[in-house]
Amino acid sequence: MEKDAYCSDLLNTFIDELEIEKKVNHIKEAAKSLNETDKVRTLLKAITFIDLTSLGGNDTSATIKNLCKKALNPISEVKYDWNGLLHTAAVCVYPLRIQDAVYTLNNVETKHNISVATVAAGFPSGQYPLQTRLEEIHYSVHTGAKEIDIVINRPLALEQKWKQLYYELTSMRKACDSKCMKTILAVGELSDYYNIYKASMIAMMAGSDFIKTSTGKETVNATLPFGIVMCKAIKEYYAKTGRKVGFKPAGGIKTASDILEWMTLVNKELGDSWLDKKLFRIGASGVLDSIANEIKMINSI
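About the criteria used
- Residues numbered from 1 in each chain as written.
- Predicted model: local features only at pLDDT ≥ 70, side-chain atom pairs only at ≥ 80, totals over all residues.
- Heavy atoms only, no water.
- Buried < 20%, exposed > 50% of the residue type's maximum accessible area, 1.4 Å probe, protein only.
- Helix = DSSP H or I, 4+ residues; strand = E, 2+ residues; numbered from the N terminus.
- Arc of directions from axis to C-beta.
- Contact = heavy atoms within 4.5 Å.
- Pairing = 2+ DSSP bridges.
- Axes fitted to C-alpha atoms, helices over the stretch in contact; angles between N-to-C directions.
- Expected span 1.5 Å × (residues − 1).
- Parallel < 35°, antiparallel > 145°, perpendicular 65-115°, else oblique.
- Left-handed = near helix turned anticlockwise from the far one by under 90°.
- Nonpolar A, V, L, I, M, F, W, Y, C, P; charged D, E, K, R; others polar.

> Report on helix α4 (residues 98-106), specifying residues and quantitative values.
In an α-helix, one full turn covers 3.6 residues, which means residues spaced three or four apart are oriented alike. Residues Ile98, Asp100, Ala101, Thr104 and Leu105 constitute the buried set of α4. Buried residues in α4, looked at end-on, bunch into an arc of 165°, giving them a common side. Pointing more than 90 degrees away from the buried face of α4 are the exposed residues Gln99, Tyr103 and Asn106. The secondary structure elements touched by the buried residues of α4 are α3 (61-72), β2 (90-93), β3 (115-120) and α5 (130-143).

See the structure below:
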């Protein structure tokens, strides 16, 4: 079996909802029980996994310039002990703002390796003709984005049209060329755990580098149970193919406590090797202030 080829056998699994509930409780307790030193270390490491995001209809070049400054100096007002550069993994902006981000990050004196990411393929709904969605990806690649967060056409999953979804995603993979493709499942709109699992598998079989929970625009976004199901798919896909696919929770991640829980989930479900920005990202827009406040509070104890 080719590691990225469509294979219906990978779509079948058993999902134990009671086991998921137990895991959620365990993850929450483990995150709460971290001592102060481990909390600070985990939060600082998490910063390096964040795709700092601005997806507002009123975003301007000034908005993106400020976003990049925050990405470069995420908690500049906080004293911390960190070996190496401390900045976010990427900034994520709309396609029309890619050039603003590229220009800003290319013209700073601060040393960094922050990527410019964008959302594409009819974000956030995916309800556009395939050719239009592919053209948006082509535009994003040629404009300078290094990472493309594409969104799936949810009705294809809801209607169990898995081969058509696979075809669309392989077309998007080709359009992304060699750029990192993160596939947004919009899990809050996929009805049940089985659809989430199957959509995860299809996205990985189509060549996605990451699978991502949400656009941040749905009523329900990233939750720990959804994350556990997606990580189950990642583990089983890796066991079958030997290819590691990244995971990105996004949407509704607002506090330091949220960050600790997601870091704990990835550690427990996928293992420490996934705690690397090549395999784990966190989509967030305002969580850095909460992280800074939490570290300040711990340092004052």
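> Just give me the short version of the sheet that holds β3, but keep the residues and values in it.
Strand order in the open sheet formed by eight strands is β7-β6-β5-β4-β3-β2-β1-β8, with parallel pairing between adjacent strands. The sheet terminates laterally at β7 (246-248) and β8 (282-284), the two strands that pair on one side only. Taking the axes of each pair of neighbouring strands and ignoring which way they run, one obtains an average angle of 25° across the sheet. As paired strands, strand β5 (residues 180-184) and strand β6 (residues 210-212) are joined by three bridges and run parallel to one another. Across the sheet, Ile184 pairs through a bridge with Lys212, a residue of β6.

> Run through helix α10 (residues 256-269), naming residues and quoting values.
When the terminal C-alpha atoms of α10 are compared, their 20 Å separation across 14 residues agrees well with the 20 Å that a helix rising 1.5 Å per residue should span. In terms of burial, α10 is a largely internal element, 10 of the 14 residues being buried. Of all the positions in α10, only Ala256, Ile259, Leu260, Glu261, Trp262, Met263, Thr264, Leu265, Val266 and Glu269 are classed as buried. Tucked into the core, α10 has its buried residues touching α1 (17-32), α2 (36-47), α9 (224-241), β7, β8 and α11 (287-300). Taken from the residues just after α10, Gly271 is the one with a positive phi, measuring 105°.

> Could you give an account of the packing of α5 against helix α7 (residues 162-176), with specific residues and numbers?
Between α5 and α7, the shortest axis-to-axis distance is 9 Å and the interhelical angle comes to 25°. With respect to their mutual orientation, α5 and α7 come out roughly parallel. In the crossing of α5 with α7, the sense of the turn from one axis to the other is right-handed. Residues Leu130, Arg133, Leu134, Ile137, His138 and Val141 of α5 form the contact with α7, whose own contacting residues are Tyr167, Glu168, Ser171, Met172, Ala175 and Cys176. Across the contact of α5 with α7, the residue classes tally to eight nonpolar, two polar and two charged.

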